[in-house]
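Descriptive structure summary
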Amino acid sequence: MTGVPAPYTTRVAVGEQDLAACFQVRKDVFVGEQSVPEEIEYDALDAVAVHVLAVAADGTALGTGRLLHGPEAVGRTGGDLAVGSLGRLAVTARARGLGVGAALVRAIEDAARERGLTAVDLHAQTHALGFYERLGYAVYGPEFPDAGIPHRAMRRPL
């Protein structure tokens, strides 16, 4: 298969260049592929979130995700300050099927552990439930729409 990226690494995003790469991946996937309005894709929480980036050996951004923790996460975690919120997980079309998404989830979990959190919650698009279940997340609560896309809440203890 041509166009498959070389081996990749994940890291917490540092600096403007990394953040720009994270935001571009999100724009390509959520705005470009899934038609999420750009004005709701980015929010004030981006300024306080821990962003994680997956990059190919040549520096090409392959995926991203973010972790909210502390007061910024309580609206998504039922008010529990010991629970982080994983969100905005996106993998570029050319990098899908290579394990990038799972590597990003694990990197976000590592960042949560480093901050003393005991669990991670997320709001999964319903088509992705199996992906998160394979990573140890369990569904709770009813289905709900987010940006016009059906979602379910999930949690994994760390």
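What you see is a predicted model, and the numbers here were worked out from it, not measured in a lab.

Turning our eyes to something else, we now look at helix α4 (residues 100-114). An ideal rise of 1.5 Å per residue puts 21 Å on 15 residues; α4 measures up with 21 Å between its terminal C-alpha atoms. Inspection of α4 places Val-100, Gly-101, Leu-104, Val-105, Ala-107, Ile-108, Glu-109, Ala-111 and Ala-112 among the buried residues, and these make up the whole buried set. Immediately downstream of α4, the backbone of Gly-116 shows phi near 80°, a positive value.

Right, let's talk about the packing of aromatic side chains for a bit. Summed over all chains, the structure comprises three aromatic pairs. Aromatic pair Phe-131 and Tyr-132: ring centres 4.9 Å apart, planes at 75°, arrangement edge-to-face. Take Phe-131: its relative accessible area is 26%, and that puts it in the partly exposed class. The exposure class assigned to Tyr-132 is buried, which follows from its relative accessible area of 8%. Pairing Tyr-132 with Tyr-137 gives two aromatic rings, centres 6.0 Å apart and planes at 80°, and the pair type is edge-to-face. With respect to burial, Tyr-132 and Tyr-137 carry one shared label: buried.

Bringing helix α1 (residues 15-33) into the picture now. Under the 1.5 Å per step criterion, the end-to-end length of α1 is 26 Å for 19 residues, consistent within 8% with the ideal 27 Å. At Lys-27, α1 is bent by approximately 30°, the largest bend along its length. Residues of α1 that are buried include every one of Asp-18, Cys-22, Val-25, Arg-26, Val-29, Phe-30 and Val-31, and no others. If you follow the buried residues of α1, they end up packed against β1 (8-12), α2 (38-41), β2 (50-56), β3 (61-68), β4 (83-91) and β5 (119-125). Positive backbone phi, approximately 60°, marks Ser-35, located one or two places after α1.

What counts and how
All residue numbers refer to position in the chain's written sequence, counted from 1. This being a predicted model, a pLDDT of at least 70 is required before a residue's local features are given, and a value of 80 or more before pairs of side-chain atoms are given or counted; all residues contribute to the totals for chains, interfaces and linings. Side-chain numbers come from the whole structure's heavy atoms, not from hydrogens or water. The secondary structure listing takes helices from DSSP runs of H or I that are at least 4 residues long and strands from runs of E that are at least 2 residues long, numbered from the N terminus. Multiplying 1.5 Å by the residue count of a helix minus one yields the expected span of that helix. In this scheme, a residue with accessible area under 20% of its type's maximum is buried, one over 50% is exposed, and one in between is partly exposed, where area comes from a 1.4 Å probe on protein chains only. Any Phe, Tyr or Trp ring, taking Trp's six-membered ring, that has another such ring centre within 6.5 Å forms a pair; planes under 30 degrees apart are called stacked, those over 60 apart edge-to-face, and the others tilted. The seven residues ending at a residue and the seven starting there each receive a fitted axis; the angle between those axes is the bend at that residue. What makes two residues a contact is simply this: any of their non-hydrogen atoms within 4.5 Å.

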